[in-house]
Amino acid sequence: MKIDNQINLETPEGIDIQLTPAGIGVRTLSFIYDLLIRLVIMLAAGIALSFAGNMGIGLMLIAAFLVEWFYPVIFEITKGQTPGKKSFGLTVVYDNGLPVTLAGSLIRNLFRAVDFLPSFYLLGGICLLLSKHNKRVGDYIGGTMVVYNEAPLRMSYFNFEKQKNVELQLDPEMQKSIIAFAERSKTLSAQRQQELANILSPILNVQGPEAVSQLKSIAANLVGKA
């Protein structure tokens, strides 16, 4: 059970990193942004080639193909993000958190043709809604995901009120989630903290502010602060 949609990964060097998958709403906005840029590029190319007759039409078709299929690839392998994704603080990475390469970017973007089926990216949208990590078909095939380009959260101190010891059997994934919750709590509103803590209320047998305090106390014990 996770208390947030963050993905906790551990690098071969033993460094913990956290990734937050981007949802369908912000991904749609970034797509529209990139679509407008591609339309402007094609409009400019169309005006420039309009005086070249039949050859201009042929060059226009080639330009349309290159812009449609390689616009995202070029930006993803050089910057990790298209201009649209950059505007909304998103980036493309592999499932293990590493930067996407040419092969991964090509695969995820070529499979946009499948995501488009039967029309208007309906299949891709359904896949995003059903996916735990907000992936479309191209992301699954390419082993990639779109995440928020957040600065890594430093494992810093967090405030907690000492609670009575709670004997819980926590697997490593749950321990990481509780520690991550405690460390992120300084950036969350009290209401959001309680919403996340209440997810574990069946285990803690408490809710609301008491559940928040209990989780912070457990996290303190896990990191040796209590």
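Everything below is about the structure printed above this text.
Residues numbered from 1 in each chain as written. Predicted model: local features only at pLDDT ≥ 70, side-chain atom pairs only at ≥ 80, totals over all residues. Heavy atoms only, no water.

Caption draft 1: Focus on the environment of Ser 30. Among the secondary structure elements, Ser 30 is positioned in helix α1 (residues 24-49). The spatial distance from the C-alpha of Ser 30 to the C-alpha of Gly 84 is 4.4 Å, given a sequence separation of 54 residues. With sequence-adjacent residues up to four places away left out, Ser 30 is seen in contact with Gly 84, Lys 85, Phe 88 and Leu 90. (Helix = DSSP H or I, 4+ residues; strand = E, 2+ residues; numbered from the N terminus. Contact = heavy atoms within 4.5 Å.)

Caption draft 2: Highlighting helix α4 (residues 102-110). Burial in α4 covers these residues: Gly 104, Ser 105, Arg 108 and Asn 109. Down the axis of α4, the smallest arc covering the buried residues is 120°, so these residues share one side. (Buried < 20%, exposed > 50% of the residue type's maximum accessible area, 1.4 Å probe, protein only. Arc of directions from axis to C-beta.)

Caption draft 3: Representation of the side chain of Arg 38 within the structure. Take Arg 38: it is sitting in helix α1. Each residue touching Arg 38, except ones within four places of it in the same chain, is listed here: Phe 31, Val 67, Glu 68, Tyr 71 and Arg 112.

Caption draft 4: Representation of the pattern of salt bridges in the model. Counted under the stated rule, the structure contains eight salt bridges. We note a salt bridge from Glu 76 to Arg 108, for which the minimum N-O separation is 2.9 Å. Separated by 32 residues along the polypeptide, Glu 76 in helix α2 (residues 53-78) and Arg 108 in helix α4 bring together distant segments of the chain. For the pair formed by Glu 76 and Arg 108, the shared burial category is buried. Asp 139 is paired through a salt bridge with Arg 108; the nearest N and O atoms lie 2.9 Å apart. Linking Asp 139 in helix α7 (residues 137-142) with Arg 108 in helix α4, this pair joins segments that are 31 residues apart in sequence. For the pair Asp 139 and Arg 108, one class covers both residues: buried. (Salt bridge = Lys/Arg side-chain N within 4 Å of Asp/Glu carboxyl O.)

Caption draft 5: Structural context of the nonpolar core. One finds Ile 178, Phe 181, Ala 197, Leu 200, Leu 204 and Leu 215 to be the most contacted residues of the largest nonpolar core, which totals 17 residues. Leaving out residues up to four positions away in the same chain, Ala 197 has contacts with Phe 181, Leu 204, Ala 211, Val 212 and Leu 215. Of all hydrophobic cores here, the second largest spans seven residues; its members include Val 26, Tyr 94, Val 100 and Val 146. (Core = buried A, V, L, I, M, F, W, Y, C linked by side-chain atoms within 4.5 Å.)

Caption draft 6: Here's a closer look at the environment of Glu 68. By the element assignment, Glu 68 lies in helix α2. Judged by relative accessible area, Glu 68 falls into the partly exposed class, the value being 28%. As for Glu 68 and Leu 39, which are separated by 29 residues in sequence, their C-alpha atoms are 9.6 Å apart. Beyond its immediate stretch of four places on either side in the chain, Glu 68 contacts Arg 38 and Arg 112.

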